[in-house]
Amino acid sequence: MPDNIYLPELARITYIKEEVPGERAIKTFRVEPLNGDSFEHECGQCAMLSAFGRGEMMISIASSPLVKEYKQFSIMRVGRVSAAFHDLAVGDVVGIRGPYGNSFPVDDWRGRNLYFIGGGCGLAPIWPVITTAVAQRDNFKNITVFYGGRSPRDIMYKAELEKLRGVADVHLSVDKAEDGWDAYCGFVPANVMDKEPSSDNAIAITCGPPIMIKYVIQNLSQLGFADEQIYTTLENKMKCGLGKCGRCNVGKDYVCVKGPVYSWAELKNLPEEY
Ligand SMILES: Cc1cc2nc3c(=O)[nH]c(=O)nc-3n(C[C@H](O)[C@H](O)[C@H](O)COP(=O)(O)OP(=O)(O)OC[C@H]3O[C@@H](n4cnc5c(N)ncnc54)[C@H](O)[C@@H]3O)c2cc1C
Ligand code: FES
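Residues numbered from 1 in each chain as written. Chains lettered and ligands numbered in written order. Predicted model: local features only at pLDDT ≥ 70, side-chain atom pairs only at ≥ 80, totals over all residues. Heavy atoms only, no water.

Enquirer: Which residues make up the overall build of the chain, and what values go with them?
Expert: Check the secondary structure of the chain and you find seven helices and 15 strands. Taken over 274 residues, the chain has a buried fraction of 50%. A sequence separation of at least 24 residues applies to 68% of the contacts in the chain between residues at least 6 apart. Surface accessibility of the chain: about 13,000 Å² in total, with carbon and sulfur atoms responsible for 48%. Within the chain, one finds 30 positive and 34 negative side-chain charges whose respective centroids are separated by 4 Å. (Helix = DSSP H or I, 4+ residues; strand = E, 2+ residues; numbered from the N terminus. Buried < 20%, exposed > 50% of the residue type's maximum accessible area, 1.4 Å probe, protein only. Contact = heavy atoms within 4.5 Å. Areas by Shrake-Rupley, 256 points an atom, 1.4 Å probe, with all protein chains shown as cover. Lys, Arg positive; Asp, Glu negative; His and termini not counted. Charge placed at Lys NZ, Arg CZ, Asp CG, Glu CD.)

Right under this line is the structure:
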């Protein structure tokens, strides 16, 4: 831990991939520390990324903790700092501090069926859990991924999702039918309902737009999932990431410290300030 807890490490961008085009474009970045030695992280944790002269933003670490050489982030262009990141190139230097927040209790899920349910940019925060579970395939029973975007162009990690098919069941969807799309058409919660995952010995992990999460949880409950079997991760606005500024509160919780990962059993006891 540095003397100044707000001081970022310097890291070089070594890889950039355009995942999704358009107004709310998503790009994936890999960064490597300049000093060759970065912090370790766990699945579900985040980091504060800075574009110099533009500011900082909190972003989920989208690579598995098993990957030591780089940290991956998938960033949607929404405002000042994310737009600055989208204008950067391989070789540019950025700031990074972290890791922040709690993590998914992946070790507790050994021997269970895992269902990952993502929408839009919400695949990024759960991607480290998916890739860690796949890398430790023998520790888990069935692995199933539901993921949807507005249209085929909005599907991120396309090639990676295709590669998963040998080891996991992958159910993709788009909101509206389009020529050439032969998988499910409709919203992610409806695709989940259509496939009727069994709650038996299962854990469901969901992340996406709040409206998607709401209906996914409703549908999982209807399918017999107990509140303790459902996990999600919050994206409340954050400023410090350190439990100091009070920007991210939900009830008495500083989400940057106590979260962002919550089981539905924990979350439903908090005020709906997320
Ligand atoms: C724990 C955590 C993990 C996150 N992970 C990712 C990630 O993996 N990829 C990613 O693209 N983004 C992620 N975000 C969201 C990201 O931090 C914000 O979008 C960030 O504010 C972008 O900075 P900006 O300066 O570009 O936009 P800003 O100028 O800060 O905001 C632009 C617009 O987005 C809105 N906005 C900003 N932050 C949020 C928010 N948290 N929720 C809803 N609306 C918001 C603002 O009100 C404004 O309308 C995460 C946020 C948190 C707290
Ligand atoms: S972001 Fe400052 S207290 Fe959580």
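Now that the structure has been shown, we can carry on.
Enquirer: Tell me about the packing of helix α4 (residues 188-195) against helix α5 (residues 210-222), and name the residues and values.
Expert: In helix packing, the relevant descriptors are the interaxial angle and the interaxial distance, both defined with respect to the helix axes. Interhelical geometry of α4 versus α5 gives an angle of 15° and a closest axis separation of 8 Å. Judged on the interaxial angle alone, α5 and α4 are roughly parallel. Of the two elements, α4 crosses α5, and the hand of that crossing is right-handed. When α4 is examined against α5, the residues Val188, Pro189, Ala190, Val192 and Met193 are found in contact with a partner set consisting of Met212, Tyr215, Val216, Asn219, Leu220 and Gln222. (Axes fitted to C-alpha atoms, helices over the stretch in contact; angles between N-to-C directions. Parallel < 35°, antiparallel > 145°, perpendicular 65-115°, else oblique. Left-handed = near helix turned anticlockwise from the far one by under 90°.)

Enquirer: Could you give an account of the sheet that holds strand β3 (residues 46-51), naming the residues involved and the relevant values?
Expert: Sheets are built from strands that pair by backbone hydrogen bonding, the pairs being arranged parallel or antiparallel. Reading across the sheet, the six strands line up as β4-β3-β6-β1-β2-β5 and stay open at both edges, with antiparallel pairing between neighbours. Only two strands of the sheet have a single neighbouring strand rather than two, namely β4 (55-60) and β5 (71-76). For this sheet, the mean angle separating the axes of adjacent strands, direction not counted, is 40°. In terms of strand pairing, β3 meets β4 through six bridges, oriented antiparallel. (Pairing = 2+ DSSP bridges.)

Enquirer: Mind laying out the environment of Leu220, listing which residues take part and the relevant values?
Expert: Note that Leu220 resides in helix α5. The spacing of Leu220 and Tyr15 is 205 residues in sequence and 37 Å in space, taken between C-alpha atoms. Ignoring anything within four residues of it in the chain, the contact list for Leu220 reads Ile117, Val192, Ala204, Phe225 and Ile230.

Enquirer: Please give an account of the site of ligand 1 that cites residues and values.
Expert: In the vicinity of ligand 1 there are 19 residues, among which Met58, Met76, Ser82, Glu235 and Lys237 approach most closely. Interatomic distance of 2.6 Å between a backbone N/O atom of Met58 and an oxygen atom of ligand 1. Here an oxygen atom of ligand 1 and a backbone polar atom of Arg80 are 3.5 Å apart. For ligand 1, the protein covers 69% of the area, taking 880 Å² as the surface of the free molecule. Going through the elements one at a time, β4, β5 and α1 (80-86) are the ones with two or more residues in the shell around ligand 1. Across the shell around ligand 1, the residue classes tally to 11 nonpolar, five polar and three charged. (Near = heavy atom within 4 Å. Polar contact = N/O pair within 3.5 Å; in protein donor to acceptor, adjacent residues only side chain to side chain. Nonpolar A, V, L, I, M, F, W, Y, C, P; charged D, E, K, R; others polar.)

Enquirer: Residue-level account of helix α2 (residues 123-135), with values.
Expert: Taking 1.5 Å as the rise per residue, α2 with 13 residues should run 18 Å; its terminal C-alpha atoms sit 17 Å apart, in good agreement. Burial within α2 is extensive, with 10 of its 13 residues counted as buried. (Expected span 1.5 Å × (residues − 1).)

Enquirer: Give a detailed account of the pattern of salt bridges, specifying residues and quantitative values.
Expert: When the charged atoms of two side chains lie near each other, side chains of opposite charge can form a pair. If you walk through the whole model with that rule in mind, you get 11 salt bridges. The salt bridge involving Arg153 is made with Glu178; its shortest N-O contact spans 3.7 Å. Here the residue Arg153 occupies a position in the loop between β8 (143-149) and α3 (158-164), and Glu178 occupies one in the loop between β9 (169-174) and β10 (184-185), the gap between them amounting to 25 residues. Residue classification places Glu178 among the partly exposed residues on the basis of a relative accessible area of 34%. One salt bridge connects Lys195 with Asp194, and the closest N-O pair in it is separated by 3.0 Å. Judged by its relative accessible area of 47%, Asp194 is partly exposed. Because the salt bridges share partners, they merge into one network encompassing Lys252, Asp253 and Lys258. (Salt bridge = Lys/Arg side-chain N within 4 Å of Asp/Glu carboxyl O.)

Enquirer: Lay out the pairing of strand β11 (residues 202-207) with the relevant residues and their values.
Expert: Counting buried residues in β11 gives six out of six residues, a clear majority hidden from the surface. Side-chain alternation along β11 places Ala202, Ala204 and Thr206 on one buried face and Ile203, Ile205 and Cys207 on a second face that is also buried. The pairing of strand β7 (residues 113-119) with β11 spans six bridges and is parallel. Residue pairing across strands places Ile117 opposite Thr206, the latter belonging to β11. Of the pairings in the sheet, the one linking β11 to strand β12 (residues 230-233) comprises three bridges and is parallel in character. Following the sheet pairing, Ala204 is matched in β12 by Ile230. Taken together, β11, α5 and β12 form a β-α-β motif whose crossover is right-handed. (Right-handed = clockwise from strand over helix to strand, strands pointing away.)

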